[in-house]
Structures are given as structure tokens and as C-alpha cells.
Amino acid sequence: MRYPLDPELAAAVAMMPPVDITDLAAARSAQAAELAAALPTADTRGVAVHETHAPGHDGAPDVPLRVYRPLGVPGPLPALYSLHGGGFVLGSPDVDHDTNLHFCRTLPAVVVSADYRLAPEYPYPAALHDAYAGLRWTAAHAAQLSAAPGRIGVWGDSAGGGLAAAIALLARDEGGPPIRHLHLHSPALDDRLATPSAVRFTDTPVWHRRNAQLSWDAYLGHGVPGTPGVPAYAAPARATELRGLPPTFIAVMEFDPLRDEGVAFAAALQAAGVPVELRRYPGTFHGSAAVTHSAIAQRVTSEAVTALRTGLAP
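Predicted model, so just to flag it, every value in this text is computed and none were measured. (Residues numbered from 1 in each chain as written. Predicted model: local features only at pLDDT ≥ 70, side-chain atom pairs only at ≥ 80, totals over all residues. Heavy atoms only, no water.)

In the structure shown here, the tally under the stated rule is 1 cavity of 30 Å³ or more. When its volume is computed, the largest cavity comes out at roughly 50 Å³. As for the largest cavity, its lining consists of Gly87, Phe88, Ser158, Ala159, Ala188, Trp207, Ala212, Ser215, Trp216 and Leu258. At 3 residues, helix H7 (residues 209-220) tops the list of elements feeding residues into the lining of the largest cavity. Of the residues assigned to the lining of the largest cavity, the class counts are 7 nonpolar, 3 polar and no charged. (1 Å grid on protein atoms, 1.4 Å probe; cavity = no way out; pocket = protein on both sides within 12 Å on 5 of 7 lines; lining within 4 Å. Points joined across faces, edges and corners; volume = space filled by probe spheres on them. Helix = DSSP H or I, 4+ residues; strand = E, 2+ residues; numbered from the N terminus. Nonpolar A, V, L, I, M, F, W, Y, C, P; charged D, E, K, R; others polar.)

So, in C-alpha cells, the structure goes:
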């Protein structure tokens, strides 16, 4: 099916290789090669970057973290905890390296990016536990990061958006680190894939129904997605109580199978009395923000920065 994409995005799609996770080893290899080529060109001016680890959950391996600190900016600064996308099966902090550098400089903020374990080798709840361990580490080390413990935001893209919403639920329920602002970009929230966009978009660029099905199968186990009893910490769209979650910003793309679950989550948050802002970007697809030269991608990024800056203000 042909989609009325933004003209700049349509031109870019013609040159983009398809994302196909049916052969996960090949998809991982292709992504790794692409990131290895891009990483040396990242603009690190004005930012100090270092690697560290958070203790894993209940004896699990330590969680690798990448920390970004703006140079020459006195603290205490807000802290932004970042969770990359990749359908629970792909990715690392390298995926969002440029974005995290940009957030670090422009907010400015200390940014902490977690390298959580991937499915299917490590199914749910491994990624959830890793993501939460990294959040707890960020809060516990706020002072030495020159960050304010009361000004922690959580950002997540795609599967990382689902994890961001999940750890916000977990932090609320366990009296965990307070989250000032929750920012969900094209979040993967609903394993049931029954929304109109999830049913309709079978051939959209980058992400489509088949990839989404494979992603949830890998994360939850084959045959588990869509069945009763999947916990809200795995698929936050299943949460029946959203009161007490932090103010939330949700961005959805027009031609994205995940679009309608993001819209529905925003409506559920609003019904629960949680301050929420929803942005729908016309002519876009899942991952459009990666087409950084396009005007619509620049708008998405600019509005994200504005929302984060406002949400994490003193």
C-alpha cells in the first residue's frame, strides 16, 4: 500500500533498507555495522561521555550505562534516563547516541542511557529489571552526577517507550525513585495488537504489524502475546490503574502500527487524572525522527526538547 508520507520522508524511505527481524541475527549484524560506521562521526562537543554499570536485579548481571554530562554547566541539573528502541530484540545505547548528546547539550541535562538485555535470549522481565535497576542507580548517584534527585525524567523510544511506562508503574507501586516527567516516543505498549493502526499497517516503512508480532513473541514468549494474564509491567496498555503516574508527553507517528495504542494510553492517563500531552505527527512513520534533515523530524525533536525542558524545570 502507498502512504501519503511527508515528501522529505518519502524520499528518504526510498534509500532506507527494510527492517526485517524474521532473521534476527542478520538484523542485528546489519544494525551493528550501521552504528559502527555512524558512531565516530557523532558530535560530542561540549559533552563528557563515560561508561559505568548499575548492579543488576537480584543477582542478575550488572547493567551497562552510558552517562552524558554537559561541560561547563554548573549543577544541579535535571537527569534524563534514556531507554532505546529496537523491538525488545535490537539495539544498545548507540542507537540513541546522537539524540542523547543533543538532549544533554540543549536541555541541558545529565543523560543516562541503559544497555538492557535483549529478547529472545533474555525474555520478560529481564529488560524491565535492567531498566529499573538503571533508574534506581541514576537516582542514587544523582549527587555525584551533579543532578537533582527530584528532577529525573524518563525518556523511551518504541520498545524503550514501553519500558519507560513500565518502570514508571513499577516506581509508583514500589515507592521507587520519583519521576518528574515521562516522555514516550512511538511507544510499544500493547501486546494484543488489536488497535486499528496495528491491524491496518502491515507494510509501513521500518515497522509494521509483522515486526510488532515478532517483537512481542520474542519478549513475552511464543503464543503468549494477546492471552489473558499478561502483566501491565510487560504491556502497560493493560494497566487498569494509572493514577499516580508522572506528567506524560506522548508522540505518535501517523503511519505506525503503534500509533493508536499511544493515543489510547494518553486517553487513559487523562481519564485517571494524570497530566498528559499528546502529539500526532502527520505524514510520518515509525522512526521518522532518524531522517534528521527533514523539517518534520526537526519539529519532532524540537518539541521533545521543549516538553522535556518544561517537564524537568525547577
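On we go.
So, on to the environment of Ala218. Within the element layout of this structure, Ala218 appears in helix H7. Here Ala218 falls in the buried class, since its relative accessible area comes to 13%. Through-space distance from the C-alpha of Ala218 to that of Phe88 is 7.6 Å; in sequence the pair is 130 residues apart. Residue contacts for Ala218: discarding those within four places in its chain leaves Val89, Ala119, Pro120 and Pro123. (Buried < 20%, exposed > 50% of the residue type's maximum accessible area, 1.4 Å probe, protein only. Contact = heavy atoms within 4.5 Å.)

Moving on, we get to helix H8 (residues 259-271). With 13 residues, H8 ought to run about 18 Å at 1.5 Å a step, and its terminal C-alpha atoms sit 19 Å apart, in line with that. Tucked into the core, H8 has its buried residues touching helix H5 (159-174), strand E6 (181-185), helix H6 (196-200), strand E7 (248-255) and strand E8 (276-285). Gly273 occupies a position one or two residues after H8 and carries a positive phi of about 85°. (Expected span 1.5 Å × (residues − 1).)

A separate point is the sheet that holds E7. An order of E1-E2-E4-E3-E5-E6-E7-E8 is seen for the 8 strands of this open sheet, with the pairing classed as mixed. In the strand order of this sheet, the two ends are held by strand E1 (47-54) and E8, each with one partner. Strand-to-strand twist of the sheet, defined as the mean angle between neighbouring strand axes without regard to direction, takes the value 20°. Sheet topology note: the E6/E7 ladder contains 4 bridges and is parallel. Counted as the bridge partner of Leu184 is Ile250 from E7. Of the strands in this sheet, E1, strand E2 (63-70), strand E3 (77-83), strand E4 (110-114) and strand E5 (147-157) are in contact with helix H3 (residues 97-106), which crosses E2 at around 40°. (Pairing = 2+ DSSP bridges. Axes fitted to C-alpha atoms, helices over the stretch in contact; angles between N-to-C directions.)

It is worth spelling out unusual backbone geometry at this point. The amide bond that connects Ala119 to the next residue, Pro120, takes the cis arrangement and shows omega of 0°. The amide bond that connects Tyr124 to the next residue, Pro125, takes the cis arrangement and shows omega of 10°. Looking at the secondary structure, you find Pro125 in the loop between E4 and helix H4 (126-140). Backbone geometry places Ser158, a non-glycine residue, at a positive phi of 60°. Position of Ser158 relative to the elements: it lies in the loop between E5 and H5. Unlike most non-glycine residues, Leu193 shows phi in positive territory, near 50°.

Looking now at the pairing of E4. For E4, the tally of buried residues reaches 5 of 5 residues, placing the bulk of the element in the interior. Because side chains alternate across E4, one face comprises the buried residues Val110, Val112 and Ala114, and the other comprises Val111 and Ser113, equally buried. Of the strand pairs in this sheet, E2 and E4 are connected by 4 bridges, and their pairing is antiparallel. Counted as the bridge partner of Tyr68 is Val111 from E4. Pairing of E3 with E4 involves 5 bridges; the strand directions are parallel. What sits directly across from Ser82, in E4, is Ser113. Handedness of the β-α-β unit built from E3, H3 and E4 comes out right-handed. (Right-handed = clockwise from strand over helix to strand, strands pointing away.)

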